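Observations on chain architecture
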Amino acid sequence: LQNSSKYTINANGSLEIKNADSQDAIMYKCTATNLVNKIAKDTKLELAYLDDVTFPTSTLYILKNDKTEVRCEKPKGSPVPSINWLKGGQALPSKKFRNQGCC
């Protein structure tokens, strides 16, 4: 790689990647060379991201004492996101809901 608007090789030898995207998520090789030897090491760059959680509707109306299910669209992410629910700002115990669909 050569220095460009996207890639910069810093004086300390590190590689700086600006605006990383899925095309940058590949294997990279760093090579150090002097009069004595040449050494190379590989590293893999993985893109970490989290899409937004979406709900089919923002307000649900239910009848008193009825059962309901609050559904949301499971967000895509890497690493795979963990899902937690809060009720009135307090965490709900995980055994009170199933990890199905979004949550």
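Description of the structure in this document.

Attention now moves to a nonpolar patch on the surface. Taken together, the side chains of V53, F55, L60 and V70 present a nonpolar region at the surface, about 320 Å² in accessible area. For L60, the location among the structural elements is in the loop between β5 (49-50) and β6 (77-78). You can call L60 partly exposed: its relative accessible area is 45%.

For the rest of this paragraph, the subject is the pattern of salt bridges. Evaluation of the coordinates by the stated rule reveals four salt bridges. Between K6 and D24 there is a salt bridge whose closest N-O contact spans 3.0 Å. Taken together, the positions of K6 in the segment before β1 (7-9) and D24 in the loop between β2 (15-17) and β3 (27-33) put the pair 18 residues apart, joining distant regions of the chain. Note on D24: relative accessible area 1%, which makes it buried. The salt bridge partner of D42 is K29, with a shortest N-O separation of 3.6 Å. Highlighted residues: D42 in strand β4 (residues 38-44) and K29 in strand β3, separated in sequence by 13 residues. Of the two residues, D42 and K29, both sit in the exposed class.

For β4, the tally of buried residues reaches only zero of seven residues, placing the bulk of the element at the surface. In this sheet, β4 lies alongside β3 in antiparallel orientation, the contact comprising seven bridges. What sits directly across from Y28, in β4, is T43. Connecting β3 to the antiparallel partner β4 that follows it, the hairpin turn spans four residues.

Calculation notes
Residues numbered from 1 in each chain as written. Predicted model: local features only at pLDDT ≥ 70, side-chain atom pairs only at ≥ 80, totals over all residues. Heavy atoms only, no water. Patch = residues over 30% accessible without salt bridge, like charges linked within 9 Å, V, L, I, M, F, W, Y side chains within 5 Å. Areas by Shrake-Rupley, 256 points an atom, 1.4 Å probe, with all protein chains shown as cover. Salt bridge = Lys/Arg side-chain N within 4 Å of Asp/Glu carboxyl O. Helix = DSSP H or I, 4+ residues; strand = E, 2+ residues; numbered from the N terminus. Buried < 20%, exposed > 50% of the residue type's maximum accessible area, 1.4 Å probe, protein only. Pairing = 2+ DSSP bridges.

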